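Summary of the model geometry
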Amino acid sequence: MRNIDEILKDGNEKELSELKTWLFREEFRLSMIREELDELRRKLENEKKFHETEMKSQQHKLKIEKGRLEQENRLLDQKMKILQKGFEDLDQDRRTLQMEKDKFNSQRGSYHERHTYSSPHSEVAEMLFSGVNSFLTLKKRYKDLMKMFHPDNVTGDHEMVQIITREYEELKKAYEMGSRAR
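Residues numbered from 1 in each chain as written. Predicted model: local features only at pLDDT ≥ 70, side-chain atom pairs only at ≥ 80, totals over all residues. Heavy atoms only, no water.

Examining the overall build of the chain
Applied cut-off: Only DSSP runs of H or I with at least four residues qualify as helices, and only runs of E with at least two residues qualify as strands; both kinds are numbered from the N terminus onward. Residue burial considers only the protein chains on display, and all accessible areas are found by Shrake-Rupley using a 1.4 Å probe.
Scanning the chain from terminus to terminus reveals five helices and zero strands. The N-to-C order of helical and strand elements in the chain reads α-α-α-α-α. Accessible surface, the chain as shown: approximately 16,000 Å² in total, 57% of it carbon and sulfur.

Below you can see the structure in the form of structure tokens.
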């Protein structure tokens with residue numbers, strides 16, 4: 001086919017008509033492409049706006065979350081300082097208590113050296129079981145005394161438990177002998 005300029009200059013009517021038809025189709029095709037491109041450009045602009053809005057929203061959320069984490073870290077640091085202070089205070093209290101316990105044990109040891117019990121039937125044990133007149137009363141008194149003097153208690157006393165147990169065993173034997181004799 002000949003060049004467009006040649007057809008326009010020297011072309012006959014048929015060639016001009018074919019050129020006109022071709023130009024019309026070509027312009028229609030180009031306008032369709034232009035519309036498609038405009039539609040794509042609008043879609044891209046909308047997506048760009050959407051993503052910009054989404055990005056701003058995410059940045060805002062990130063800023064809020066960052067502030068929350070910083071606040072939590074400050075609170076955690078404060079809690080840690082409180083715990084450290086508490087542990088230091090507990091350690092000091094433990095040392096003080098240990099010193100008092102050592103002092104008490106040394107005083108108690110000297111007291112026991114001065115006040116040794118004369119026999120397993122000491123006056124203290126007899127006093128603790130005074131008024132017991134039956135085996136059931138003996139058992140109840142023994143349990144009550146063990147609750148008071150058990151070494152696991154704050155006021156517990158190992159030696160006193162041994163004295164109470166010895167006295168209980170002897171009284172128990174006496175009651176058993178008495179019940180067999182009946």
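Focus on the packing of aromatic side chains
We describe a pair of aromatic rings using the distance from one ring centre to the other and the angle between the two ring planes. The test is simple: When the centres of two rings from Phe, Tyr and Trp lie within 6.5 Å, Trp using its six-membered ring, the rings pair. Their planes under 30 degrees apart give stacked, over 60 give edge-to-face, and anything left gives tilted. Exposure classes here rest on a 1.4 Å probe applied to the protein chains alone. A residue is buried below 20% of its type maximum, exposed above 50%, and partly exposed in between.
Tallying each qualifying case throughout the model produces one aromatic pair. Consider the rings of Y142 and Y168, whose centres lie 4.0 Å apart with planes at 15°: the pair is stacked. Linking Y142 in helix 4 (residues 135–149) with Y168 in helix 5 (residues 158–181), this pair joins segments that are 26 residues apart in sequence. Assigned by exposure class, Y142 and Y168 land together as buried.

As for a nonpolar patch on the surface
The criterion, for reference: The patches described consist of residues with a relative accessible area above 30% and no salt bridge, like charges being joined within 9 Å and nonpolar side chains (Val, Leu, Ile, Met, Phe, Trp, Tyr) within 5 Å. We define a salt bridge as a side-chain nitrogen of Lys or Arg found within 4 Å of a carboxyl oxygen belonging to Asp or Glu.
Taken together, the side chains of I4, L8, L16, W22 and L23 make up a nonpolar region of the molecular surface, amounting to roughly 440 Å² of accessible area. When residues of the nonpolar patch are traced back to their parent elements, those giving at least two are helix 1 (4–10) and helix 2 (13–114). For the nonpolar patch, the leading source of residues is helix 2, giving three residues. The residue L23 is located in helix 2 in this model. A residue is classified by how much of its surface remains accessible, and L23, at 40% relative accessible area, is partly exposed.

Considering helix 4
Note: α-helices contain 3.6 residues per turn, so residues at a spacing of three or four share the same orientation. Where we set the bar: Given the number of residues in a helix, its expected span is that number minus one, multiplied by 1.5 Å. Throughout, the arc means that of the directions going from the helix axis to the C-beta atoms.
For helix 4, spanning 15 residues, the distance from its first C-alpha to its last is 21 Å, which sits close to the expected 21 Å at 1.5 Å a residue. Taken together, the buried positions of helix 4 are occupied by L138, Y142, L145, M146 and F149. Buried residues in helix 4, looked at end-on, bunch into an arc of 100°, giving them a common side. Exposed residues pointing more than 90 degrees away from the buried face of helix 4 are listed as L136, K140, K143 and K147.

Side note on the confidence of the model for the chain
Keep this limit in mind: pLDDT gives the predictor's per-residue confidence on a scale running from 0 to 100. The contact criterion used is simple: two residues touch if any of their non-hydrogen atoms lie within 4.5 Å.
Residues with a pLDDT of 70 or more make up 88% of the chain, whose mean pLDDT is 86. Summarising per-element confidence for the chain, the mean pLDDT is lowest in helix 1 (79) and highest in helix 4 (92). Within the model, the stretch residues 114–118 combines pLDDT values under 50 with four contacts to residues more than four positions away or in other chains.

Overview of the pattern of salt bridges
It is possible for side chains of opposite charge to pair when their charged atoms get near one another. In total, this model carries ten salt bridges according to the counting rule given. Put simply, R29 and E26 hold a salt bridge, and the shortest N to O gap is 2.2 Å. In this pair, R29 and E26 are both assigned in helix 2, three residues apart and thus about one turn of the helix distant. Owing to a relative accessible area of 41%, R29 belongs among the partly exposed residues under this scheme. When its relative accessible area of 21% is taken as the criterion, E26 is described as partly exposed. Residues joined by salt bridges that share partners form a network here, namely D38, R41 and E45.

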